[in-house]
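Next come the chains, spelled out residue by residue.
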Amino acid sequence: MNNALPFEDLEAGRARVAVSFGGQDLHLPEGANLAAALLGAGITTFRHTPASGAPRGPFCMMGACFDCLVEVDGVTRQACMMEVSDGLVLDMPQAGER
Amino acid sequence: MARVDLAIIGAGPAGMAAAQLAAGKGLSVCILDEQPRAGGQIYRDVDRVAPLRGDLLGKEYIEGRALTAGLGAPGITHLAGAVVWAIEEGPRLAYTQDGKGALIDARHVLLATGALERPMPLPGWTLPGVMTAGAGQILLKQSGVMARRAVLVGSGPLLYLIAAQMVRAGTPPLAMVETQTRGDFTGALRHIGGALRGWRYLLKGLGLLNEIRRAGVVRHTGAHGIAITGEGRAEAVEFTAFGRAHRIACDTVFLHHGVVPNTQAARSVGVAHCWNTQQRCFVPELDGWGATSVGCLHIAGDGAGIGGAKVAALAGRLAALDIAARLEAIDATARDTEGASLRRAMLSELAARPFLDAAYPPLPEALAPADKTIICRCEEVTAGDIRGYARLGCIGPNQTKAFGRAGMGPCQGRYCGLSVTQILAKENSQSHDATGYYRIRPPLKPVTLGELAAMDDAPEAAE
Ligand SMILES: Cc1cc2nc3c(=O)[nH]c(=O)nc-3n(C[C@H](O)[C@H](O)[C@H](O)COP(=O)(O)OP(=O)(O)OC[C@H]3O[C@@H](n4cnc5c(N)ncnc54)[C@H](O)[C@@H]3O)c2cc1C
Ligand code: FES
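Just so it is clear, the structure is predicted and the values come from calculations on it, not from any experiment.

1. A short note on the side chain of Glu 451 of chain B
Its location among the elements puts Glu 451 of chain B in helix H19 (residues 449–453). Arg 77 of chain A is the oppositely charged side chain nearest to the buried, salt-bridge-free Glu 451 of chain B, at an N-O distance of 5.9 Å. Residues within four places of Glu 451 of chain B in sequence aside, it is in contact with Thr 96, Gly 99, Lys 100, Gly 101 and Pro 446 of chain B.

Right, here's the structure in full:
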């Protein structure tokens, strides 16, 4: 367990699957909430804003703020409304893209 | 095309209680929720999570299983992971489930879409690592993910509940930066009669405070001049309390100063709303059963005005009774007899509200933020920008869209709408009602072409 990370996972024993985020290989708990799993893996910045390029991460965790957007197969989706599945390939939405 | 008597949006306490009562009266019910499992905000994922960590979340959380179990009754179809993005004439709902668009027709619709946390625009609130306290609680409830070095900022009963849950999970907050003042408490005492009638809520609050104190969590009260600072992410909370400046280093900041009705769906179909001065938010205009001015549409739960989970469930049942009577499953006498005891229970649950609302008011500096503070998180519009629009003659939130991009991002104003109304009302010396709110148009959530293309004219749903 890495105590330096901002978040600790109480369900750390869950089976893990391979996911990549912006080219980084991660092993995340299968079926977990995607935004929670990324935070648990130490990822705090999910995207940059189209207006100023400022970094953003999950804010509401209930599908209302759209700050947790990630890109999956070219479509931007709310990470807090998705579950972790094997082989998921995620990217940061391109800065400047609305 | 699927067709049911009653379609309910939201499987929180209001929606679940309504579904069970309506099905019990013989109506066919379809309940849709964008979450993968039933429960709503308070009982999120309770069936799966209660055995794992029900002890940390508390007895009230576990009790939600009585409501989720009710969804198994005959006559109820629960569509999980179904995002409703339009309510059309008919009424007809358009939603997306598993990447596919679908439609469902109903004779009547109940909105039970709950609350959102009140926007809390402070310097630095857009930095990664800053979340709502509810988000922190969702991480714990649904995912078992705990912030190791978090500071809780704001006020209200929910802030204490979350702090106590963090204590029980073994990761107490580094500190609580509370914004309510002595004066707020003294002012609230005029509502003490109601508070004593609602003594269960007070006792629960005192119990939580005790747990927080025993864990040695430092509590600052009367905090103001709050800013979150950091390079690229939250690194510290800075504030003043009792004349002293403080800085607390941390990785995570959880903000909370109350919840407000989520009015997006109701506004999208033109339900009239008015400003509630006690709760400082807009609420839909409803009759005593939750009926709106729009035909075939009721609203129940925190989306109708903040009352908490018990009130939400009672209001859901009241709405279901009235809907059952309108659809002629029961007669008006049966509705009134059954409704009377629900209404009495609701009044007693609401007794402590005025005290709590007055003792834990929203933070003034987050209602009228400094010019440089970002208001619209999506498009990065500041409070100063909005004030500038007012000087140029902008009188209401809809007009801000002609001046800039406030409210035009993907969240559709969910986290800036109330701030914009409040800033404009103040700048223009107008009432909140006269200032108004963003006009909300469907889709309520972005829909992709792929989802539309996969739209099936005869979706599988309730029989
Ligand atoms: C983040 C958060 C955490 C909270 N935690 C607590 C707590 O621990 N204890 C407490 O007493 N109170 C809590 N509250 C207060 C809460 O509002 C009430 O206690 C209670 O949950 C209200 O019940 P409800 O049925 O009105 O709405 P909710 O429980 O909020 O349920 C509404 C449901 O509607 C769904 N929904 C909304 N829009 C759509 C759509 N377009 N399509 C499909 N589904 C939709 C949502 O996914 C949600 O499940 C919390 C509030 C928030 C915002
Ligand atoms: S964190 Fe707000 S929408 Fe996902």
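2. Examining empty space enclosed by the protein
Residue and element names in this part refer to chain B. Counted under the stated rule, the structure contains five cavities of 30 Å³ or more. A volume near 120 Å³ is recorded for the largest cavity. Around the largest cavity, the lining comprises 15 residues; the ones closest to its centre are Val 260, Pro 261, Thr 263, Leu 418 and Tyr 437. At the level of elements, strand E17 (259–261), helix H10 (264–268), strand E19 (281–284) and helix H17 (417–427) are the ones that each hand at least two residues to the lining of the largest cavity. Classifying every residue of the lining of the largest cavity by side-chain character gives eight nonpolar, five polar and two charged. Three or more residues apiece are contributed to the lining of the largest cavity by two domains, here domain 1 (2–116 + 260–330) and domain 3 (368–435).

3. Quick look at the pattern of salt bridges
This model, assessed by the stated rule, comprises 29 salt bridges over all chains. For the salt bridge of Asp 9 of chain A with Arg 16 of chain A, the shortest nitrogen-to-oxygen distance reads 3.6 Å. Among the ionic pairs, Glu 34 of chain B bridges to Lys 445 of chain B, the shortest N-O distance being 2.6 Å. Note that Glu 34 of chain B is positioned in the loop between strand E2 (29–33) and helix H2 (46–57) and Lys 445 of chain B in the loop between helix H18 (432–435) and H19, a separation of 411 residues in sequence. On the accessibility criterion, Glu 34 of chain B (27% relative accessible area) is partly exposed. You can call Lys 445 of chain B buried: its relative accessible area is 7%. Through salt bridges with shared partners, a single network forms among Glu 11, Arg 14 and Glu 83 of chain A together with Arg 37, Asp 45, Arg 48 and Arg 53 of chain B.

4. Overview of the site of ligand 1
Lining the immediate surroundings of ligand 1 are 31 residues, of which Ala 14, Asp 33, Gln 41, Gln 137 and Asp 302 of chain B lie closest. Looking at the residues close to ligand 1, they fall on chains A and B. Between ligand 1 and Asp 33 of chain B there is a distance of 2.6 Å, counted from an oxygen atom to a side-chain nitrogen or oxygen. The contact in question runs from a nitrogen atom of ligand 1 to an N or O atom on the backbone of Val 84 of chain B, over 3.0 Å. Burial of ligand 1 by the protein chains amounts to 93% of its free accessible area of 960 Å². Those elements giving two or more residues to the shell around ligand 1 turn out to be helix H1 (13–24), strand E4 (82–88), strand E7 (115–117), helix H5 (133–143), helix H6 (157–168) and helix H11 (309–326) of chain B. Per-element accounting of the shell around ligand 1 gives the leading share, four residues, to H5 of chain B. Its residues assigned to classes, the shell around ligand 1 shows 15 nonpolar, eleven polar and five charged.

5. Overview of the packing of aromatic side chains
All names here are of chain B. On inspection of all chains with the given rule, the structure shows nine aromatic pairs over all chains. Considering the side-chain rings of Tyr 389 and Phe 403, the 5.5 Å spacing of their centres and the 20° angle between planes classify their relative orientation as stacked. With a gap of 14 residues between them, Tyr 389 in helix H15 (residues 383–391) and Phe 403 in helix H16 (residues 397–403) connect regions that are remote in the sequence. Relative accessible area serves as the criterion here: at 11%, Tyr 389 is assigned to the buried category. Put simply, the rings of Trp 275, Phe 282, Tyr 437 and Tyr 438 touch in pairs and so form one group of aromatic residues. Sitting over the face of the ring of Trp 289, Arg 343 holds its NZ or CZ atom 4.4 Å from the ring centroid.

6. A few points about the UniProt feature "domain: SoxA A3" (unreviewed entry) in chain B
UniProt's entry tags residues 372–454 of chain B with the feature "domain: SoxA A3" (unreviewed entry), counted in the numbering of this structure. For residues 372–454 of chain B, the end-to-end C-alpha separation is 44 Å, with 43% helix and 6% strand making up the annotated structure.

7. Re H15 of chain B
All names here are of chain B. Counting buried positions along H15 gives seven out of nine residues, so the element sits mostly inside the fold. Within H15 the residues assigned to the buried category are Ala 383, Gly 384, Ile 386, Arg 387, Gly 388, Tyr 389 and Ala 390. Here the buried face of H15 lies against strand E21 (374–376), strand E22 (381–382), H16 and H17. Backbone geometry just downstream of H15 places Gly 393 in the positive-phi region, at approximately 105°.

8. Re the sheet that holds strand E8 (residues 130–132) of chain B
Residues and elements named next belong to chain B. Across the sheet, five strands lie side by side as E8-E16-E10-E11-E12; this open sheet has parallel pairing. With one partner strand each, in any of the chains shown, E8 and strand E12 (218–220) form the two edges of the open sheet. Averaged over neighbouring strand pairs, the angle between their axes works out to 20° when direction is ignored. Along the sheet, H6 contacts strand E10 (150–154), strand E11 (175–178), E12 and strand E16 (252–256); its crossing angle with E10, the most-contacted strand, is approximately 165°.

9. Considerations on the state of the cysteines
Under the criterion given, the structure shown has zero disulfides over all chains. The cysteine Cys 250 of chain B is free of any disulfide, with Cys 65 of chain A supplying the nearest cysteine sulfur at 19 Å.

10. Notes on the interface of chain A and chain B
Contact with chain A, which involves 38 residues of that partner, is made by 47 residues of chain B. Where chain A abuts chain B, roughly 3,500 Å² becomes buried across the two surfaces, and 56% of that area is made up of carbon and sulfur atoms. Between Glu 83 of chain A and Arg 37 of chain B there is a salt bridge, with the nearest N and O atoms lying 3.7 Å from each other. On inspection of chain A and its partner chain B, the count reaches 13 residue pairs in polar contact (both at pLDDT 80 or more). Listed by contribution, the elements that provide at least two residues to the side of chain A that touches chain B are strand E1 (7–9), helix H1 (34–40), strand E5 (55–56) and strand E7 (75–78) of chain A. The element best represented in the side of chain A that touches chain B is E1 of chain A, accounting for three residues. Residues that form the side of chain A that touches chain B fall into these classes: 20 nonpolar, ten polar and eight charged. Direction of pairing for E1 of chain A relative to strand E9 (residues 145–147) of chain B: antiparallel, over a ladder of three bridges. Note on E9 of chain B: the bridge partner recorded for Asp 9 of chain A is Val 145 of chain B.

11. Brief notes about the packing of H1 of chain B against H11 of chain B
All names here are of chain B. Where H1 meets H11, the axes come as close as 7 Å, and the angle between the chain directions of the two elements is 35°. The handedness of the crossing between H1 and H11 comes out as right-handed. Where H1 abuts H11, its residues Pro 13, Ala 14, Ala 17, Ala 18, Leu 21 and Ala 22 lie against Ala 309, Ala 312, Ala 313, Gly 316, Arg 317, Ala 320 and Leu 321. In terms of residue class, the contact of H1 with H11 is made up of eleven nonpolar, one polar and one charged.

Thresholds, definitions, all that
Residues numbered from 1 in each chain as written. Chains lettered and ligands numbered in written order. Predicted model: local features only at pLDDT ≥ 70, side-chain atom pairs only at ≥ 80, totals over all residues. Heavy atoms only, no water. Helix = DSSP H or I, 4+ residues; strand = E, 2+ residues; numbered from the N terminus. Buried < 20%, exposed > 50% of the residue type's maximum accessible area, 1.4 Å probe, protein only. Lys, Arg positive; Asp, Glu negative; His and termini not counted. Salt bridge = Lys/Arg side-chain N within 4 Å of Asp/Glu carboxyl O. Contact = heavy atoms within 4.5 Å. 1 Å grid on protein atoms, 1.4 Å probe; cavity = no way out; pocket = protein on both sides within 12 Å on 5 of 7 lines; lining within 4 Å. Points joined across faces, edges and corners; volume = space filled by probe spheres on them. Nonpolar A, V, L, I, M, F, W, Y, C, P; charged D, E, K, R; others polar. Domains from an automatic or database assignment. Near = heavy atom within 4 Å. Polar contact = N/O pair within 3.5 Å; in protein donor to acceptor, adjacent residues only side chain to side chain. Areas by Shrake-Rupley, 256 points an atom, 1.4 Å probe, with all protein chains shown as cover. Phe/Tyr/Trp six-rings, centres within 6.5 Å; stacked < 30°, edge-to-face > 60°. Lys NZ or Arg CZ within 6 Å of the ring centre and 35° of its normal. UniProt positions renumbered as here; feature names shortened; annotations may be inferred. Pairing = 2+ DSSP bridges. Axes fitted to C-alpha atoms, helices over the stretch in contact; angles between N-to-C directions. Disulfide = S-S within 2.5 Å. Buried area = accessible area lost by both parts, 1.4 Å probe. Left-handed = near helix turned anticlockwise from the far one by under 90°.

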